[in-house]
Structure formats: C-alpha cells, structure tokens
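# A look at the structure
The chain contents come next:
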Amino acid sequence: MLRHRPTRGRRTAGLLTTALVALSAGLTAIAPAHPAHADTATLGELAEAEGRYFGSATDNPELSDTQYTQILGSEFGQITVGNTMKWQYTEPSRGRFDYTAAEEIVGLAESNGQSVRGHTLVWHNQLPGWVEDVPADELLGVMRDHITHEVDHFEDRLVHWDVVNEAFEEDGSRRQSVFQQKIGDSYIAEAFKAARAADPDVKLYYNDYNIEGIGPKSDAVYEMVKSFKAQGVPIDGVGMQAHLIAGQVPASLQRNIQRFADLGVDVAVTELDIRMTLPRTAAKDAQQATDYGAVVEACLAVSRCVGITVWDYTDKYSWVPSVFPGEGAALPWDEDFAKKPAYHAIAAALGGGSPAPGGNCTATYRVTSQWQGGFTAEITVGNDHTAPIDGWTVTWMLPGGQSISHLWNGDLTVDGQNVTVRNAGYNGTLGSNGSTTFGFQGEGAAGTPADVTCTPGRPSGTSA
C-alpha cells in the first residue's frame, strides 16, 4: 500500500518460535512455553505458546508517545520498521547511507527482547529521486550495492527481510517500476541473490498486498515462487500484507496460505489491519472482531504460517484515514489505547480464553417517564459472568427524531444517530452478577431502540 510501517528484527536463529528474551538490568529471562495465566497473557506471549509471533509495525514519530511505547514494548514479540528502512531514508543520495532512524527502532526492539522484520529493500515507492536517473546499464549494480550495504549493516539482528515489495499488478502482470523497466524480469531474483550473499541466515521474503486470497495476483506470485524454488533462487517466505475490509476476509485465505507453504516457503501476515466505513458501531466492531479472529485462525491452521504483524496497533497512528477518506478504525486498539473487541477476538483465537475481558455484559433499556416532546430513559448494565468486568461500553442507534439533551453516570458520544456511552470513572467495575445504571433526558417521541449492545472492556481514555 501507499504507506508502510516497519518490520522487526532477528537476534538469533529460532528466536521467532522459541522463547522471548527479556533484556532488563543486564539479565536474560526466558518466558515459559505456555503462559501461566492465559487471561492476562499478552498477544505476543499467546502467539509464542502457539509457535508463532504476534507483532506490530511502528514508526519513529510515534516513539515520543510514552503511553504508546509502553504498550508497544510489552504486548508484542515482534516489531516491523514501517518506513525508515526504505531506500529514501537509508541511501538518500548515491553511495551515502544513513541508518540513524532505523537504528532507533531496532535498538528499542532489542532493548525489549523483541525480534525485528526488515522492510523493505526494493520497492517502487519511497525512492530518492536519484534512483530514477541511474542509467539502465548501471541500475542492477546500484541495486545490488544498496541491498548489500543495508543487509550487511543489520546482519544477525533481523529475523526477516522483505527483499522485494509489491512487484505485481492486480491482473498478475509485472508492475512497471524503474527496476522492471531498466533491468527486466530478472531484477527480483537478483535482489534475493544479493540479500543472501550479504546475510546467509536471515529469512528472505517477497511481500505484497491483495494476495491473501486466490486470484490473478496471488497466482502470479505463486508461479514466481515456484519458479524460484526450482531454480535455486534463495527465497524463504511470502508476506501477505492483509490490508483488509471488514466483512471481506477472503474465503480462500487458509487454502492460499497452505498452497504457498506446500512450495516449501514460510508465510507471514505482515501488515494486518481491517478497516471499516466510519463511524464505528457495535455491529461493525463485532464484524471486525470476527474477521481478526478468522485471520489468526487461518494462520494457526498452517504450520508454516510463522506469525502475524498488525500495521501499527492503535487507530491513533493508523495510515488508513489519510488514504481511504471516510474509512478507518482498522486496528485492535482505539485512538485512546482502549482495547476493542478485535483485540479480544485475537486473544481468544490464540488460546487466550473468551473474546470478552472477564465476561459478558448486558444492557437493558427502559423509558422511565415521557411527556409531549420529551422523555427520560434508564439503561441497566449487568455482568452475567462469574468473572468481574473492568469497564463497559453501551451503543445504540437513536430512532428517528430523537436526540439526547443530558446524560448522567456515563461518558456520552453522539455521532449522527449513533450513540456510545462508556462508563464513568466510578462505575466501570462490575463483579459477578453486578449491575449499574445510567440515564438520560431525550427529546422527541419515547421510542425504544431496536438494538442496544454492551461490550465489556476499559473505557476510552484509560490505559489498556
């Protein structure tokens, strides 16, 4: 896609599917193979127990946000450098290399005991202008030199490299990048050969979007990988970006992952996000949660699907709204770092228990009084589970002609006819069979909404 977020690095062979290494105060601690408490385990720990990694991309401007970096450093086992390993940053002028920005992210990941994916060596986008001006008979040498220098710089510190990114069009034809035009079809194989010569151990990936399902584009990538394996071109894996739309996860996803694995390569879901048309509603959140769970389950069903990376983890820093106007809310944490239903669906798919944190909640709506042109209503929020609920959110759609003039015992957001009420600071925790109420004064006829939904979880604006 147009905006990419980084990859995460490899420190030693086998780090992906063995223990997480925590580097703190000079000590090394190995995490248990299975989390002792699945309900409190992080996504990284849950994935590791399944022999996978679960990671996030990140970018340098976000690292000044301390709440962001606390979650980034604790929740994930893997990091991808979203932008600053790309050619425009690492070789801004011919022969002058600069890894300062990339090193900031790699160093942070290493200090947290996280593995790193390298992203990306050769891509048609985010190239410095001078690359386009290189004569055709020199470009292959320039490309090899760039790959050699960058891969050598990060040798023994990364687990994967996205060697070539987005080289195919939707119909399966080759994208007419400067590399395709001036070098020809051979440039992809030559890029992989150069990367392998620079680092004999790092896993080398081809990475692309819209290849998650079976179709002309994924067929073309499949045939390329099949040809590379037959020719001995050093390719180790295929990255499926998975920039998806809620309700549109390809039905052939697992089958497609499996057919690539059957060629003898690993598969990684490298840039996962699942966007929706805004505004968010409870129904859209539920669909998104189902879709995230389906992607995780498809990966777990294929032994050579080695891990999943979300393309950053919070809506606060998502690339989606700037590229797809009117769409967004694509990630498992909202813009205030509250865990969304998608988070709990991912955890459940990874073996972390029920999709809801602690249990389920219910919302019962009743009109308490009414008069000409107005009414009051009360909503009772209940916990029907034995485990406590830490936070709740109630959503509904106002019937036509209704509006809310005043609400008590909750935090109100109204977007058009969509109403969201999150708990106040004093009534978010509900014990077994516990309940609380909030109410409001409304204008218009006192009709009861058709669908009032309660979702358990921390309220917006609190730490996850």
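As the structure is a computational prediction, the values presented were derived from the model and not from experiment.

### As for helix 6 (residues 136–153)
- Along its 18 residues, helix 6 runs 26 Å from first to last C-alpha, staying within 8% of the 26 Å computed at 1.5 Å per residue.
- When we look at burial in helix 6, the residues that qualify are Leu139, Val142, Met143, His146, Ile147, Glu150 and Val151. Axial view of helix 6: buried residues confined to an arc of 145 degrees, hence all on one face. Exposed side chains of helix 6 directed beyond 90 degrees from the buried face belong to Asp137 and Asp145.
- Along its buried surface, helix 6 packs onto helix 3 (87–90), strand 5 (115–123), helix 5 (129–132), strand 6 (160–165), helix 7 (178–182) and helix 8 (187–198).

### Remarks on the packing of helix 10 (residues 253–261) against helix 11 (residues 282–300)
- Put simply, helix 10 and helix 11 touch, their axes get as near as 9 Å, and they point 30 degrees apart. Judged on the interaxial angle alone, helix 11 and helix 10 are roughly parallel. Read as a crossing pair, helix 10 and helix 11 show a hand that is right-handed. Across the interface between the two elements, Leu253, Gln254 and Ile257 of helix 10 pack against Val295, Ala298 and Cys299 of helix 11.
- Of the residues belonging to the contact of helix 10 with helix 11, the class tally is five nonpolar, one polar and no charged.

### Brief notes about the nonpolar core
- Of all hydrophobic cores here, the largest spans 95 residues; its most connected members are Trp161, Val164, Phe179, Phe192, Phe260 and Leu272.
- The residues touching phenylalanine 192, leaving out its near neighbours within four places in the chain, are Val163, Val164, Leu204, Tyr205, Tyr206, Phe228, Val233, Pro234 and Ile235.

### What to know about the side chain of aspartate 315
- Mapping aspartate 315 onto the fold places it in the loop between strand 11 (305–310) and helix 12 (320–323).
- In this view, aspartate 315 contacts Ala329, Ala330, Leu331, Trp333, Asp334, Glu335 and Lys340; residues no more than four positions away in its chain are not counted.

### Describing the packing of aromatic side chains
- All told, the structure shown has 24 aromatic pairs when counted by the stated rule.
- Here phenylalanine 97 and tyrosine 99 contribute two aromatic rings whose centre-to-centre distance is 6.3 Å and whose plane-to-plane angle is 20 degrees, an arrangement assigned as stacked.
- When its relative accessible area of 22% is taken as the criterion, phenylalanine 97 is described as partly exposed.
- Ring centres of tryptophan 319 and phenylalanine 324 lie 5.8 Å apart, and the angle between their planes is 75 degrees; on these two criteria the pair is classed as edge-to-face. Residue tryptophan 319 shares its accessibility class with phenylalanine 324, and that shared class is buried.
- An aromatic cluster of at least three residues, connected via ring pairs, comprises Phe54, Tyr68, Phe76, Tyr313, Tyr317, Trp333, Phe337 and Tyr343.
- Above the face of the tyrosine 209 ring, lysine 217 is positioned so that its terminal group lies 3.6 Å from the ring centre.
- For the cation-ring pair, arginine 259 lies above tyrosine 222, with the distance from its terminal atom to the ring centre recorded as 4.8 Å.

### Focus: the pattern of salt bridges
- The full count for this structure, using the stated rule, is 18 salt bridges.
- Three or more residues are tied together by salt bridges with common partners; here these are Glu103, Glu110 and Arg157.

### Quick notes on the pairing of strand 21 (residues 435–443)
- As judged from the nine bridges shared by strand 14 (residues 374–383) and strand 21, these two strands associate in the antiparallel manner. Among the inter-strand pairings, glycine 382 is bridged to a residue of strand 21, identified as serine 435.
- Two elements, strand 17 (residues 403–408) and strand 21, share five bridges in a ladder whose sense is antiparallel. Each residue of the ladder has a partner; that of tryptophan 408, found in strand 21, is glycine 439.

### Thoughts on the packing of helix 9 (residues 216–231) against helix 10
- Contact geometry of helix 9 with helix 10 gives a least axis separation of 10 Å together with a crossing angle of 15 degrees. Here helix 9 lies roughly parallel to helix 10, going by the angle between them. For helix 9 against helix 10, the interelement crossing comes out right-handed. The segment helix 9 lies against helix 10, with Ser218, Asp219, Val221, Tyr222 and Val225 engaging Asn256, Arg259 and Phe260.
- Residues of the contact of helix 9 with helix 10, tallied by class, amount to four nonpolar, two polar and two charged.

### Remarks on the state of the cysteines
- Tallying each qualifying case throughout the model produces two disulfides.
- Covalent S-S linkage joins cysteine 299 and cysteine 305, the inter-sulfur distance amounting to 2.1 Å. The chirality of the disulfide connecting cysteine 299 with cysteine 305 is left-handed, given an S-S dihedral of about -105 degrees.
- The disulfide partner of cysteine 361 is cysteine 454, and the S-S distance across this bridge is 2.0 Å. An S-S torsion of about -105 degrees defines the bridge between cysteine 361 and cysteine 454 as left-handed. Of this pair, cysteine 361 sits in strand 13 (residues 361–371) while cysteine 454 sits in strand 22 (residues 453–456), and the two are 93 residues apart along the sequence.
- By relative accessible area, which is 12% here, cysteine 454 ends up buried.
- In the chain, the bonded cysteines, numbered by position in the sequence, are linked as 1-2, 3-4.

### Here we look at the confidence of the model for the chain
- Here the chain averages 88 in pLDDT, and 88% of its residues register 70 or above.
- A low-confidence stretch, residues 459–464 (pLDDT under 50), is modelled with 19 contacts involving residues beyond four sequence positions or located in other chains.

Definitions and limits used
- Residues numbered from 1 in each chain as written.
- Predicted model: local features only at pLDDT ≥ 70, side-chain atom pairs only at ≥ 80, totals over all residues.
- Heavy atoms only, no water.
- Helix = DSSP H or I, 4+ residues; strand = E, 2+ residues; numbered from the N terminus.
- Expected span 1.5 Å × (residues − 1).
- Buried < 20%, exposed > 50% of the residue type's maximum accessible area, 1.4 Å probe, protein only.
- Arc of directions from axis to C-beta.
- Contact = heavy atoms within 4.5 Å.
- Axes fitted to C-alpha atoms, helices over the stretch in contact; angles between N-to-C directions.
- Parallel < 35°, antiparallel > 145°, perpendicular 65-115°, else oblique.
- Left-handed = near helix turned anticlockwise from the far one by under 90°.
- Nonpolar A, V, L, I, M, F, W, Y, C, P; charged D, E, K, R; others polar.
- Core = buried A, V, L, I, M, F, W, Y, C linked by side-chain atoms within 4.5 Å.
- Phe/Tyr/Trp six-rings, centres within 6.5 Å; stacked < 30°, edge-to-face > 60°.
- Lys NZ or Arg CZ within 6 Å of the ring centre and 35° of its normal.
- Salt bridge = Lys/Arg side-chain N within 4 Å of Asp/Glu carboxyl O.
- Pairing = 2+ DSSP bridges.
- Disulfide = S-S within 2.5 Å.
- pLDDT = per-residue confidence, 0-100.

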